Structures are given as structure tokens and as C-alpha cells.
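Coordinate inspection notes
The residues making up each chain are set out below.
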Amino acid sequence: MSILDDIKSGKCAIYGQFSALASIVFLILFGVLNLVSTLIIFAVLGWIFAGIIILIEIPFCTCCVNDTLTRMSRFFQANQFKAALYLVFAVIIWLSTRVGNSTMIISAIFLTLSSFFYGVAAFRKEDPAKSTFNGSTAQAATSTLGGRV
């Protein structure tokens, strides 16, 4: 399955994942650009949000050895959780536009889109996103085959 197949799939969870990955780039980039302005607190919050999104969206380790870790991993991969979390992040970044005009508005737009797509995916009861763009399927195959692909 290619990236084009992911886009054509019509799954909102995939679209949410793509917009979340784009928001990572924008949060880091515009956080650096706004570091010298009056929005320094929002720049730092953008970096923190980007780090949290990286941990949620990019599967570093898909094989859990403990039942507690497996349950916790499922909770953080749920579309409802991602929709709520990205909505909170978006509201906080939108507040930065009330303080002053900045480029952080682009990050807020993409976080809002991520929240919307994950909310629609939760409403449709879609499975959590498994995109080929960030290596999810290759890592899942590695964990199910005991490290051999």
C-alpha cells in the first residue's frame, strides 16, 4: 500500500494522522520563528505539543511485553483520545493569535483539522490509523513476525 492508496482510502483516521504529522513540522518551525517575539511561551508550548504528537503518531515500539503497557498503548491510539487531545492543543495555539498575530495560526489550523478528522473517525468507529507514510505497517509486520521481515 502506498501513500496514494492511503489518501484514496477515505478513512478519516488516516487524514487525521497526515494532518497531525504536518502540524508537527509547523509547530517546530513556527516555534523557532516565534521564539524572538512576544509569543515565547506559545513557541515553547508548540515544541512540547510537537514532542507529544511525535510520541503518539510515530510508532517507535509496537511490541509491548506487559499487559498494562498494551492497554495504555491502546488508550493513546484511540481516535477519541486523539481528537480531544488535538482539540485542546488547537485551542491553546489559537489563544496565541489573541495575544498577537503570528504564524502559529497555521499550526492551529492543522491541529484543528487533526481534531476534526479524528473526531469523524471516532464517530464512524474507524480503526486507529495505520499509514505507510510513517512506517506503521513495516513496524507492525516486524513485531508480529518476531523481528523478522
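Residues numbered from 1 in each chain as written. Predicted model: local features only at pLDDT ≥ 70, side-chain atom pairs only at ≥ 80, totals over all residues. Heavy atoms only, no water.

Secondary structure assignment for the protein yields 7 helices and 0 strands. Listing each helix as α and each strand as β along the protein from the N terminus yields α-α-α-α-α-α-α. Burial status across the protein gives 34% buried among its 149 residues. Within the protein, contacts between residues at least 6 apart in sequence are counted, and of these 73% link residues at least 24 apart. On the protein, roughly 8500 Å² of surface is accessible, and the fraction owed to carbon and sulfur atoms is 71%. (Helix = DSSP H or I, 4+ residues; strand = E, 2+ residues; numbered from the N terminus. Buried < 20%, exposed > 50% of the residue type's maximum accessible area, 1.4 Å probe, protein only. Contact = heavy atoms within 4.5 Å. Areas by Shrake-Rupley, 256 points an atom, 1.4 Å probe, with all protein chains shown as cover.)

A word on the confidence of the model for the protein. Per-residue confidence for the protein averages 77 on the pLDDT scale, and 71% of its residues sit at or above 70. In the model, residues 138–149 has pLDDT below 50 throughout and makes 11 contacts with residues more than four positions away in sequence or in other chains. (pLDDT = per-residue confidence, 0-100.)

Now for helix α6 (residues 104–124). The end-to-end C-alpha distance of α6 is 30 Å, a good match for the 30 Å that 21 residues give at a rise of 1.5 Å each. Among the residues of α6, those classed as buried are Met104, Ser107, Ala108, Leu111, Ser114, Ser115, Tyr118, Ala121 and Ala122. All buried residues of α6 fall inside an arc of 155 degrees around its axis, so they share one side. Relative to its buried face, α6 has exposed residues pointing more than 90 degrees away, namely Phe116 and Phe123. (Expected span 1.5 Å × (residues − 1). Arc of directions from axis to C-beta.)

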